[in-house]
Amino acid sequence: MSDAGGNRNLIRSLINAAEKAANIARICRSNKALLSLLVQEKKGDDANARFEHDFKTLADVLIQETIKYDVGAEFPEMKDNIRGEESPNFTNANGESIAIAVGPGASETESCLLAILHNGHEEAARILATEVHREIAFDQEQPEEIPELPNDAVDYTNLGVWIDPIDATAEYISGDTMFTNFPGITSTGLDCVTVLIGVYDLTSGIPLIGVVCQPFRNKIDDNVYTSSMYWGIALDNFQAHSKNLNNSPKRSGGLLGIFSSSERAELLQQMLEIGYEFAFSAGAGHKALKVITNEVDIYVLSKGSTFKWDTCGPQAILRSLNGDIVEFQTSIKEGKPVPLKYIEVVDNEEDGSIADWKCNSQGLIAVRDMKLFEDLLVKLAES
């Protein structure tokens with residue numbers, strides 16, 4: 001096994017990286033003119049076919065590259081296996097494709113950002129670069145004790161990372177909040193935005209460590225927010241999770257499922273007949289988080305519209321709570337839970353396998369209580 005060395009702690013590094021990501025997201029979001037400047041519609045292979053309009057923002061790419069830089073610098077054994085949702089390329093006003101790169105210092109990062117933003121936006125580039133290189137110690141502000149990973153339990157050379165820098169990007173851009181009929185669950189808006197980081201075993205494809213951050217969960221004042229942070233570790237003989245998850249009692253009342261607003265009517269009818277109420281909400285990470293926090297019983301998605309970066313982090317947290325995320329179609333067909341895995345496939349642009357292996361093509365079911373899943377599986381197969 002690789003020795004962790006020094007005072008390194010992977011879970012602390014991921015928590016701090018997620019909070020830095022949240023800071024950048026908040027800075028970009030707090031200035032409407034800047035947000036408008038930074039939004040760029042995805043095109044071609046970068047677009048998610050599920051949405052009529054799918055957006056990539058500079059915040060997305062900058063956050064992704066910042067997490068990769070910070071975690072890779074502290075854990076160089078993992079550097080080549082840290083992946084993100086977004087391409088690092090961003091097209092500037094002159095039509096030039098610029099690869100966003102975090103430099104060794106703020107001035108280098110500022111120069112890179114200025115090449116995208118151009119003259120007149122020097123202040124924005126400086127502010128963002130300063131935040132990228134700010135020292136973050138959010139782990140020290142947490143009310144729970146963050147465990148040390150046993151050196152002999154982790155081979156850092158065999159770990160991969162999936163990053164979703166801003167999940168629910170459309171909600172991040174619009175910020176329009178709508179509420180469901182269920183307390184604490186929003187349908188749209190900034191509350192649906194999450195930063196997702198998942199660590200998985202490269203050999204087995206099993207997710208091991210997850211961090212989910214809500215940058216806009218706690219509103220202090222107009223355009224002033226603080227984060228809510230959730231994490232989980234699901235290593236063999238070493239399970240741990242945020243203490244605030246211990247304080248999330250199961251909701252009272254009947255069974256509640258959370259769904260995408262585009263879910264198939266046939267499935268919703270099945271779930272209704274089984275006895276579930278419905279909450280509809282944006283953001284795959286947000287919906288999985290509602291399962292993690294026990295605010296809903298289950299998250300079901302019959303379509304292949306999520307990707308590895310959406311599920312790796314939340315799945316690791318659910319596994320630390322003895323839950324899981326499983327393949328929807330395969331599990332029903334085989335009559336048993338078939339967990340999502342993250343085995344990497346060699347990229348082959350000609351046959352389309354780049355998109356295929358990164359997509360959770362069989363849909364998903366996320367649960368915290370596996371007994372609930374087993375009961376659902378039988379009833380779905382019968383209906």
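Going by the structure above, here's the rest.
**Some points on empty space enclosed by the protein**
Moving on, step 1. With the rule as written, the count across this model stands at one cavity of 30 Å³ or more.
Moving on, step 2. Volume-wise, the largest cavity comes out at about 30 Å³.
Moving on, step 3. Lining the largest cavity, in full, are L255, I274, Y276, L372, D375, L376 and K379.
Moving on, step 4. In terms of residue count, helix α13 (residues 370-382) provides more of the lining of the largest cavity than any other element does, four residues in total.
Moving on, step 5. Taken together, the residues of the lining of the largest cavity sort by class into five nonpolar, no polar and two charged.

**Remarks on the environment of R134**
Moving on, step 1. With respect to the helices and strands, the residue R134 is situated in the loop between α5 (122-132) and β6 (159-167).
Moving on, step 2. Using a relative accessible area of 39% as the deciding quantity, one classes R134 as partly exposed.
Moving on, step 3. Remark: the alpha-carbon pair of R134 and A106, spanning 28 residues in sequence, is separated by 9.0 Å.
Moving on, step 4. Among the polar contacts listed, one links the side chain of R134 to the side chain of E131, at a separation of 2.9 Å.

**Side note on the pairing of strand β12 (residues 238-241)**
Moving on, step 1. Side chains F238 and A240 of β12 all project onto a buried face; the interleaved residues Q239 and H241 project onto a face where none is buried.
Moving on, step 2. As defined by bridge partners, strand β11 (residues 224-235) adjoins β12 across four bridges and the pair is classed as antiparallel. Pairing of L235 across the sheet is with F238, part of β12.

**Observations concerning the sheet that holds strand β14 (residues 276-280)**
Moving on, step 1. Spatially, β14-β13-β15-β17-β16 is the arrangement adopted by the five strands of the open sheet, whose pairing is mixed. Each of the sheet's edge strands pairs with one partner strand only, and the pair in question is β14 and β16 (324-326). Here the average twist between neighbouring strands, direction ignored, is 25°.
Moving on, step 2. Relative to strand β17 (residues 364-367), β16 is paired through three bridges, and the arrangement is antiparallel. Pairing of D324 across the sheet is with V367, part of β17.
Moving on, step 3. The strands that helix α10 (residues 308-320) touches are β16 and β17; relative to β16, the one it contacts most, it runs at about 130°.
Moving on, step 4. Contacting β13 (255-259), β14, β15 (298-301), β16 and β17, α13 crosses the sheet at an angle of about 140° to β17.

**Points about the packing of helix α9 (residues 284-292) against α10**
Moving on, step 1. Viewed as axis vectors pointing N to C, α9 and α10 meet at an angle of 5°, and their least axial separation amounts to 9 Å. By the angle between their directions, the pair α9 and α10 is classed as roughly parallel. Touching A284, A288, V291 and I292 of α9 are D310, P314, I317 and L318, all from α10.
Moving on, step 2. A class-by-class count of the residues in the contact of α9 with α10 yields seven nonpolar, no polar and one charged.

**Side note on the layout of surface pockets**
Moving on, step 1. Considered as a void within the structure, the second largest pocket measures approximately 420 Å³ in volume.
Moving on, step 2. Taken together, 20 residues form the lining of the second largest pocket, with N16, D70, E74, E135 and I136 sitting closest to its centre.
Moving on, step 3. Considering each element in turn, the lining of the second largest pocket owes the most residues, five residues, to helix α1 (residues 10-30).
Moving on, step 4. Across the lining of the second largest pocket, the residue classes break down as six nonpolar, six polar and eight charged.

**Details of the pairing of strand β9 (residues 194-201)**
Moving on, step 1. β9 sits mainly inside the fold: eight of its eight residues count as buried.
Moving on, step 2. What you see with β9 is no split at all: T194, L196, G198 and Y200 on one side and V195, I197, V199 and D201 on the other are buried throughout.
Moving on, step 3. By the bridge criterion, seven bridges tie β6 to β9 in an arrangement that is antiparallel. Note that in β9 the partner of I163 across the bridge is I197.
Moving on, step 4. From the end of β9 to the start of strand β10 (residues 207-221), which pair antiparallel, there are five residues, and G205 there has a positive phi angle of about 75°.

Reading guide: rules and limits
Residues numbered from 1 in each chain as written. Predicted model: local features only at pLDDT ≥ 70, side-chain atom pairs only at ≥ 80, totals over all residues. Heavy atoms only, no water. 1 Å grid on protein atoms, 1.4 Å probe; cavity = no way out; pocket = protein on both sides within 12 Å on 5 of 7 lines; lining within 4 Å. Points joined across faces, edges and corners; volume = space filled by probe spheres on them. Helix = DSSP H or I, 4+ residues; strand = E, 2+ residues; numbered from the N terminus. Nonpolar A, V, L, I, M, F, W, Y, C, P; charged D, E, K, R; others polar. Buried < 20%, exposed > 50% of the residue type's maximum accessible area, 1.4 Å probe, protein only. Polar contact = N/O pair within 3.5 Å; in protein donor to acceptor, adjacent residues only side chain to side chain. Pairing = 2+ DSSP bridges. Axes fitted to C-alpha atoms, helices over the stretch in contact; angles between N-to-C directions. Contact = heavy atoms within 4.5 Å. Parallel < 35°, antiparallel > 145°, perpendicular 65-115°, else oblique.

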